[in-house]
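Descriptive structure summary
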Amino acid sequence: MSRAGLLTLLVSGLASAQPFLRTRALSNTGESNLCVTWGARKVTYRMDAAGSARTPVEAEFTAVDNAFAAWQNVARGCSDFEFVRGPRIVDPKVGRGSQEDNVVTFREENCRDAVPLTDPCQSDGSCGNKFKCWEHGDSTIALTTSTYSTRTGVVFDSDIEFNAGASSDGARFLFTTISSPPCAEGMETPFCTAYDIQNTATHEIGHLVGLDHVTGTTSTMAPTAPLGDLMKRVIDPGTASGFCGTYPRGKPPVPCDELAQLKSRITARNTGTLGCSCDGVLAAAPWLAVLLLRRRRRG
Ligand SMILES: [Zn+2]
């Protein structure tokens, strides 16, 4: 049985899906009591000027804008949070920057293919930025890297990468923008729905604002996305409530609800749905929280 099959089985055994789950900050000793949260209410995103190589014309830019607009629409009803589109950026760097400099980039090559084995970046984790390549798992569609203070949980920077590089078997995710018809497996073209950019970006922006994966398969924050998935384009009420509850209009961000968080965390771990791997950076600097959107594999 594949991993996705096992996931489906376990999720179906739950009494009810979680409405939302906030992302825990890491401390030097593990997870802390803090949640990863923006202090600022105005967050600027910048698209890599290179766009997506396999997406016709400039549709990928519109698709990402639409994803941020969906979140802005939620914010309008409950919060003073603002998503601002900044100028496009050439050669963006992931894992650095500020609230003015959150980048969205398509990694068109896997680092396995792009980076010489002798390059120094192989030992310090900098290959992705140096070679503009994807340095994460083959089955991951996209990934958000948030940089935050381990002392406060406050986010400084959050960047989104799409995995457009070839996996070890030569296959790659085709990122598309049209809403129909769904692509048949193995027959993906830009003229059907394969891995929808807006769908993927809407999920990743959920990570950007500090939300984690939940067990409900219909949630924007569900950890998997099958071929042709469009469901995450529409932000579900549970995900919206997580955002609204964190960033209430005119008030400071709300700290984690310890009891609810603990309960949710145990539930999520028991079902194996958390797709979070975490990595530290420079000692005095914040940690990186790396959150994964995994591809649902065929049985
Ligand atoms: Zn995710």
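The preceding data block contains the structure.
The structure reproduced in this document is the subject of the present report.

Turning our eyes to something else, we now look at the state of the cysteines. Taken as a whole and judged by the stated rule, the model has five disulfides. The side chain of Cys78 participates in a disulfide bridge whose partner is Cys244; the two sulfur atoms lie 2.1 Å from each other. Measuring handedness by torsion sign, the sulfur bridge of Cys78 and Cys244 sits at about -75° and is left-handed. Of this pair, Cys78 sits in the loop between α2 (59–76) and β5 (82–85) while Cys244 sits in helix α7 (residues 237–246), placing them 166 residues apart in sequence. Look at Cys78 and you get buried, because its relative accessible area is 18%. Disulfide pairing is shown between Cys111 and Cys133; the S-S distance is 2.0 Å. A torsion of 95° about the S-S bond marks the disulfide between Cys111 and Cys133 as right-handed. Linking Cys111 in helix α3 (residues 111–114) with Cys133 in strand β8 (residues 133–134), this pair joins segments that are 22 residues apart in sequence.

Moving on to the environment of His207. Tracing the backbone shows His207 in helix α6 (residues 197–208). Since its relative accessible area comes to 1%, His207 is described here as buried. Along the chain, His207 and Ile160 lie 47 residues apart, while their C-alpha atoms are 9.3 Å from each other. A distance of 2.9 Å separates a polar side-chain atom of His207 from the backbone oxygen of Leu211.

Turning to the pattern of salt bridges, a few remarks are in order. Applying the stated criterion to the full structure yields 11 salt bridges. Note that Glu108 is salt-bridged to Arg54, the shortest N-O span being 2.8 Å. Highlighted residues: Glu108 in the loop between β6 (102–107) and β7 (109–110) and Arg54 in the loop between β4 (42–47) and α2, separated in sequence by 54 residues. A relative accessible area of 33% means that Arg54 is categorised as partly exposed.

Across three bridges, the pairing between strand β1 (residues 24–27) and strand β2 (residues 30–35) is antiparallel. Looking at the pairing, Arg24 lines up with Cys35 of β2. In textbook terms, the turn of a hairpin is the stretch between consecutive antiparallel strands, and for β1 and β2 this stretch comprises two residues.

Among all positions of α7, only Gly238, Thr239, Ala240, Gly242, Phe243 and Thr246 are buried. Here the buried face of α7 lies against β3 (37–38), α2 and β5.

Conventions used here
Residues numbered from 1 in each chain as written. Predicted model: local features only at pLDDT ≥ 70, side-chain atom pairs only at ≥ 80, totals over all residues. Heavy atoms only, no water. Disulfide = S-S within 2.5 Å. Helix = DSSP H or I, 4+ residues; strand = E, 2+ residues; numbered from the N terminus. Buried < 20%, exposed > 50% of the residue type's maximum accessible area, 1.4 Å probe, protein only. Polar contact = N/O pair within 3.5 Å; in protein donor to acceptor, adjacent residues only side chain to side chain. Salt bridge = Lys/Arg side-chain N within 4 Å of Asp/Glu carboxyl O. Pairing = 2+ DSSP bridges. Contact = heavy atoms within 4.5 Å.

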